[in-house]
Amino acid sequence: MPVLDVQNLRVRFETHQGTVEAVNDVSFSLEEGETLGIVGESGSGKSVTSLAIMGLVPSPPGVVEAGGIHFDGQDLAQLSQKQLRKIRGGRMAMIFQDPMTSLNPLITVERQLSEVLQTHEGLSRRDARVRCAKALGDVGIPNPEARLDAYPHELSGGMRQRVMIAMGLLCNPKVLIADEPTTALDVTIQAQILELMQRLQHDHGTAIILITHDLGVVAGMSDKVQVMYAGRVVERGATLPLFHKPLHPYTKGLLTSIPTIDGDPNETLSSIEGQPPDLAHLPPGCAFEPRCAYRVERCATERAALEVVAGQEGRSSACHESDRLANETGQELGGAR
Amino acid sequence: MADSTHSADDGELGAVDAAERARLEKLLAEAEEFKGESLWQDAWRRLKRNKSAYVSLWFLLAFGALSFFAPLLPLASPSALNLRDEPVAPAWPWEANWHVDRAAGDDLDTAPPAEFGAAATRSVGSLLDDGWQHRTYVDVTLPGDPDQVRPRRVDGEPSVLAWVEDVSGRSAIVYEKPGQKKGTRLQRYAIVHRFSDQAREGGASTGLRTQLEEALASGRASLPAEAELLDVQFRPGLWEDMPFFDRWMLGARAALFGFWQVGPLLGTDGKGRDVLSRIVWGSRISIQVSVIASLVSLLLGVTYGATAGFLGGRVDNLMMRIVDVLYAIPFIFVVIFLITILNAYRTDLAEFGIGRMTVFYFVIGAIYWLTMSRVVRGQVLSLKNQEFVEAARVVGASNSRIIFVHIVPNVLSVVIVYLTLTIPQVMLFEAFLSFLGLGVEAPRVSWGLLAVDGSEVISAIKTYWWLVVYPAAAMAATLLALNILGDGLRDALDPKLRGKD
Amino acid sequence: MFAFLLRRLIWGALTLWVVVTVSFFLMRNVEGGPFDGERTLDPVIKANIERQYHLDWPLWKQYLQYVGPFNLDETSGIFSTKTVPAPDGTGEIENPDYREDVFGGVLAFDLGPSFKLKDYSVNDIIGQSLPVSVALGSIGLIWALLLGLTAGVASALQRGTGWDLSLRLVATFGIALPNFVIAGFLILLFAFNIDGLPVAGWGAPRHILLPSLALGAPFAAYIARLTRTGMLEVFSQDHIRTARAKGLPDHLVLFRHSLKGGLLPVVSYLGPAVAGILTGSLVIERLFGIPGTGSHFVNSALNRDYTLAMGVTILYTVLVYSLNTLVDLAYTLLDPRIKLEES
């Protein structure tokens, strides 16, 4: 029984320039303790998906529709904001990209942490404080007691993100959504944070949705990967097989654009031609078609549905030519063309 | 389009083959599709989108035009006094051409008498143009008690300007003395001949008048023996110092409309002055003062701030410290204090040609330059350190190019916004000073003085609401428009919002 | 903190010195001004002036006398001697005024005699009128904060709705109109249409209501605008999204997370607001016939009562400066990111 099951999620924004289809018919499920990586460019809809699950999409201009968002026995799509609030921060938590702006600069760390416990578990301030100190210790912050009374700007970037993680895990959520948790950090700190998240996941059994544009992060942490483009899922599968043999031209393009350390320095870097589509004016066919190296006639008019690819277990792809891709020889990760 | 030959200047890159070239050209074509927008185009587009700011802009332009062309409009005089009347309520034009064209035989006898004798002097009326056959009112200064002088019109006399009478029945006529034109087209002098009691007695006022008129018409060679020349007073009226363009417009108006003027559409005040006219003419002064004073503050502020910002370091520190000290002084008070003292120095300054208004401009400009300098300095400082300046340097741009192409446009936008927001503040301040009696003086009219008139008549007895409502509405509309436009400009020019929308 | 206050004190003293010195020299040289020998003055005032200012002394001595804190008069000041030569030249007699007034001048809080109102020193006038003005100004400020904050927060919360638009419209009017026009409207409104609120005079609490409202109205408008912008800005910030993501109830998000940040610009504004209220009081006191320091100041400007004008200017400079310092201190208390040196 998956801990989170999203069915046919649609999010659109009504702006004066037209309707922007940010998320289009996205479905996926997440098992307990599993890590799902959602990968895509800016504008692919990956963040909006998670905001929609949490009920955080601002409601004029945004409109959220779903077949169902089943979490822990409830359908989140049917709940009121009041009911959602009970779940948010408690059983399902989210951490964000930039810990400097995501933490309130005028309030102490301790306050921002204890209020979660006060709201969700009804703890007193004093008890909450003790729990918070422990939480800070768990995320690897030295001298946690002292840090509690600090303000966010007094901490380093890495420590702030640890605080965010601690905040997310305080109530032992079943699902933790991490939206670009390492993007704003230095590379060395990134590694530490990812390691921390893995350890905590192991300790608490939390399922994680890891949203990022960084393929390296995904490769290191996720069990399953879901690639999104222009608001839709274009490919999904277990991490290693997907990296080894992508079944959608976009995924393939992403992977081949990563330069390798042992590649030929004189080779031109490869990239995906063209620009991402305008989400207010999506074409009738496949949104990736103008940039696709594998396109055929019908791609411009007929969009492929996300289907399991014949012969490839547990892999789905939304491409008419997925067979062609399946039959190509497997490539080394990130090899240049 | 693509040429498949190698070209000699491909050099170290090696041969560029056709496919590569095609690819590059395609990229170039794509790039050109994205038309870049300059800061100003972007800003203008966003401003247009902001409906209220756009409307305000046009309103202000229209109003500015109205104000500029005021002498052309057939308005009543803004400073002519008609002291016998109470404030007249707003009336429709065709009922109320009462300023004009009273019959010639009309009434020297039934009008209440005037009185003069004390040492005070005061303006009595206003003259429009000497090219006319008829006069309405006259700007003269008569020695006498200000409140009792009642001017009258004398039609058809090219040179008699006014006829006044005092309570004891002594009359005086005011006329232009020939040969004393100072090279201008407007009559500006008052020569007053007073006629003694005897001449008046015997019920012969009409006879006396005829006598005088004949004497005058005959070339003024001789006047009745009883005529006594009083002091010649010359005090600038509204029409004095009028620049050439305005006088030309007055002439054009006379040619176009003749004597006709609109009636009291918005009513008059207690001294018979038309409210509409005062609002329009007052706007000239208010706008003039606020624009010039703001420009003064702009000049001072930009120079000071840009220098401080550009030089940086200790010089900057010191300069800003000075600004801080000056900022701490509640300037309004110092300004009032200064104006008070400078009033006492007035004659000295007048020798240098520095009139009251000039002092005014500089004193007001002196308050607002501080904030402007801070703003400019801040902007220059932040710009100096921006990456694009570094980038320009790296590419090899010279200092002056950096200043003019990169820094100045960015500073300009801040300056424009601030200027648009300062002008209403200055207007308010001018109104404030005039309200307190320290600003513009009669016969000039500014909105501050209008507010004074309005507040003076607020009494429990009668509500002359038009004296409060109309000037307030005009002031409010203009200030509102300026504020909205300033805010709109700020939003439009804010680079953070640029392109994000 | 101590260093901050010390620095502020030094700069304040410097500012004051500039004001005092400039006024001194301006007043001295004005023709027809207070110290112009040819001017005919009321004999009582003339005597006062001569006693106070010693016009026969060298300029530097006059300046020191004026600034204080010591009275340099030979007979009664700090340098006076116990005995003075007898008027008839026969030896020495005791000095009855020995060290009567050791202190004098601005630094000793002696602002001199009034130029127009005989028998009154500037200190007397200020002493009588300042409490009135302070009362009026404080209540005006309270109105401004009360109305402004409520309107601003309401506007931000109800963004885009009719309430928001109408509040913003009212606020824009409040900013655009000069306060004497607003006062005029209020007077018209209350004097003629609604009974119960007097429009002139002073003495009872109800006398304060209307004038303080007229005084505070433009500032309420500006504060409403600042608050609205500040709150909207805070609402769009990431940490509010985090707060919501934590499942916090709306009232916590508003009061604990948003208000502090949103109100910071208002705290900054308090400094200029107080200065503005002082300025506005000049007009309001005049219009409503309130015997405060402001109306005295205006009269002094119109009547050329230079000492009073200068005394009030000095007073207000000190007041505004100290209040600004307080506001800066308060700001640092509210925002932990700001350190005192930077303010």
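Just so it is clear, the structure is predicted and the values come from calculations on it, not from any experiment.

1. Points about the overall build of chain B
A tally of regular secondary structure across chain B gives 15 helices and six strands. Long-range pairs, those at least 24 residues apart, make up 73% of the contacts in chain B with a sequence separation of at least 6.

2. A look at the overall build of chain A
Along its length, chain A carries 12 helices and 13 strands. Its C-alpha atoms give chain A a radius of gyration of 21 Å, within 12% of the compact-globule value 20 Å for 337 residues. In terms of overall dimensions, chain A has a C-alpha envelope of 65 × 50 × 40 Å along the principal axes. Split into buried and exposed, the 337 residues of chain A put 47% on the buried side. Partitioning the intrachain contacts of chain A with sequence separation of at least 6 by distance along the chain shows that 65% fall at a separation of at least 24.

3. Describing the interface of chain B and chain C
Across the contact, 35 residues belong to chain B and 43 residues belong to chain C. Here the side of chain B that touches chain C takes eight residues from helix H9 (residues 331-344) of chain B, the largest share from any one element. Taken together, the residues of the side of chain B that touches chain C break down into 28 nonpolar, six polar and one charged.

4. Focus: the confidence of the model for chain B
All names here are of chain B. Looking at chain B as a whole, its pLDDT mean stands at 63, while 49% of the residues score no less than 70. Helix H3 (residues 51-68) holds the highest mean pLDDT among the elements of chain B, 88, whereas strand E1 (residues 121-123) holds the lowest, 28. Counted against residues more than four places away or in other chains, residues 1-12, with its pLDDT under 50, gives 10 contacts. Confidence over residues 497-501 falls short of pLDDT 50; this stretch has three contacts with residues more than four positions distant or in other chains. Confidence estimates for the predicted assembly give a pTM of 0.72 and an ipTM of 0.82.

5. Quick notes on the pairing of strand E2 (residues 18-30) of chain A
All names here are of chain A. Relative to E2, strand E1 (residues 4-15) runs antiparallel, the two sharing nine bridges. The partner of Thr15 across the bridge, within E2, is Gly18. What sits between E1 and E2 in their antiparallel hairpin is a turn of two residues.

6. A short note on the nonpolar core
Judged by nonpolar contacts, the single largest core of 151 residues is most densely connected at Ala214 and Ile223 of chain C. Three or more residues apiece are contributed to this core by two domains, here domain 1 (41-119) and domain 2 (122-334) of chain C. Contacts of Ile223 of chain C, omitting those with residues within four sequence positions, involve Ala144, Leu145, Gly148, Leu149, Gly152, Val266 and Tyr269 of chain C. Listed in part, the 92 residues of the second largest apolar core include Leu136, Val139, Leu185 and Ala230 of chain A.

7. Let's talk about the sheet that holds strand E10 (residues 224-229) of chain A
Paired through their backbone hydrogen bonds, the strands of a sheet run either parallel or antiparallel. All names here are of chain A. Pairing is mixed across the open sheet formed by eight strands, whose spatial order is E7-E8-E9-E3-E10-E11-E13-E12. Only two strands of the sheet have a single neighbouring strand rather than two, namely strand E7 (92-95) and strand E12 (307-308). Relative to strand E13 (residues 316-317), strand E11 (residues 232-238) runs antiparallel, the two being bridged by two bridges. Its bridge partner being in E13, Arg236 is matched across the sheet by Ser316.

8. Focus on the domain arrangement of chain A
All names here are of chain A. Per the domain assignment, the segments making up chain A are domain 1 (4-222) and domain 2 (238-333). On a C-alpha basis, the centroid separation for the pair domain 1 and domain 2 is 29 Å. Of all the elements in the fold, those that place two or more residues in the side of domain 1 that touches domain 2 are E2 and helix H9 (215-221). In terms of residue count, the dominant contributor to the side of domain 1 that touches domain 2 is E2 (five residues). The residue makeup of the side of domain 1 that touches domain 2, split by class, is five nonpolar, six polar and two charged.

9. Some points on the interface of chain C and chain A
Counting from both sides, the interface comprises 18 residues of chain C and, opposite them, 23 residues of chain A. Counting residues per element, the ones that place at least two in the side of chain C that touches chain A are helix H8 (238-245) and helix H9 (250-288) of chain C. It is H8 of chain C that contributes the most residues to the side of chain C that touches chain A, six residues altogether. Looking at side-chain class alone, the side of chain C that touches chain A contains five nonpolar, six polar and seven charged residues.

10. Thoughts on the packing of helix H7 (residues 275-311) of chain B against helix H8 (residues 313-328) of chain B
The contact between H7 of chain B and H8 of chain B brings their axes to 7 Å, and the two run at 145°. Of the residues in H8 of chain B, those in contact with Tyr304, Ala308, Gly309 and Leu311 of chain B of H7 of chain B are Gly313, Val315, Asp316, Met319 and Met320 of chain B.

11. A closer look at the confidence of the model for chain A
Summing up the model confidence of chain A, the mean pLDDT is 86 and the portion of residues at 70 or higher is 97%. Of all helices and strands in chain A, the one with the weakest mean pLDDT is helix H12 (residues 322-327) of chain A (81), whereas strand E3 (residues 35-39) of chain A scores best (93).

12. A few points about helix H7 (residues 157-169) of chain A
All names here are of chain A. With 13 residues, H7 should reach 18 Å at 1.5 Å per residue; the first-to-last C-alpha distance of 19 Å fits that figure. Extensive coverage of H7 is indicated by the burial of 12 of its 13 residues. Packing partners of the buried residues in H7 comprise E7, helix H3 (99-102), helix H4 (109-121), helix H5 (125-138), strand E8 (175-179) and helix H8 (187-204).

13. A few points about unusual backbone geometry
Residues and elements named next belong to chain A. At Asn143, a position not held by glycine, the phi torsion is positive, near 55°. Mapped onto the elements, Asn143 comes out in the loop between H5 and helix H6 (144-148). At Ala230, a position not held by glycine, the phi torsion is positive, near 50°. Along the chain, Ala230 falls in the loop between E10 and E11. Note on Ala230: 24 C-beta atoms within 10 Å, which makes it buried.

14. Comments concerning the environment of Met320 of chain B
Residues and elements named next belong to chain B. As for its placement among the helices and strands, Met320 is situated in helix H8. Along the sequence, Met320 and Gly305 sit 15 residues apart, while their C-alpha atoms lie 8.5 Å from each other. Each residue touching Met320, except ones within four places of it in the same chain, is listed here: Ala308 and Arg377.

15. Digging into the pairing of E11 of chain A
All names here are of chain A. Most of E11 is tucked away: six of the seven residues are buried. Taken together, the six bridges between E10 and E11 define a ladder with antiparallel strand orientation. The residue of E11 that forms the bridge with Gln226 is Arg236. The hairpin turn running from E10 into E11, its antiparallel successor, is two residues long, and Ala230 in that turn takes a positive phi close to 50°.

16. What about helix H10 (residues 293-303) of chain C?
Buried residues dominate H10 of chain C, accounting for eight of its 11 residues. Listed in full, the buried residues belonging to H10 of chain C are Thr293, Gly294, Ser295, His296, Phe297, Val298, Ser300 and Ala301 of chain C.

17. A few points about the packing of H10 of chain C against helix H11 (residues 306-334) of chain C
All names here are of chain C. Between H10 and H11, the shortest axis-to-axis distance is 8 Å and the interhelical angle comes to 140°. Relative to H11, H10 is oriented oblique. Considering only the axes of H10 and H11, their crossing is left-handed. Along the contact surface, H10 presents Thr293, His296, Phe297, Ser300 and Ala301, while H11 presents Leu308, Ala309 and Val312. A per-class count over the contact of H10 with H11 returns five nonpolar, three polar and no charged.

Definitions and limits used
- Residues numbered from 1 in each chain as written.
- Chains lettered and ligands numbered in written order.
- Predicted model: local features only at pLDDT ≥ 70, side-chain atom pairs only at ≥ 80, totals over all residues.
- Helix = DSSP H or I, 4+ residues; strand = E, 2+ residues; numbered from the N terminus.
- Contact = placed C-beta atoms within 7 Å.
- Rg over C-alpha atoms; globule rule 2.2 N^0.38 Å.
- Buried ≥ 20, exposed ≤ 12 C-beta atoms within 10 Å, placed from the backbone.
- Nonpolar A, V, L, I, M, F, W, Y, C, P; charged D, E, K, R; others polar.
- pLDDT = per-residue confidence, 0-100.
- Pairing = 2+ DSSP bridges.
- Core = buried A, V, L, I, M, F, W, Y, C linked by C-beta atoms within 7 Å.
- Domains from an automatic or database assignment.
- Axes fitted to C-alpha atoms, helices over the stretch in contact; angles between N-to-C directions.
- Expected span 1.5 Å × (residues − 1).
- Parallel < 35°, antiparallel > 145°, perpendicular 65-115°, else oblique.
- Left-handed = near helix turned anticlockwise from the far one by under 90°.

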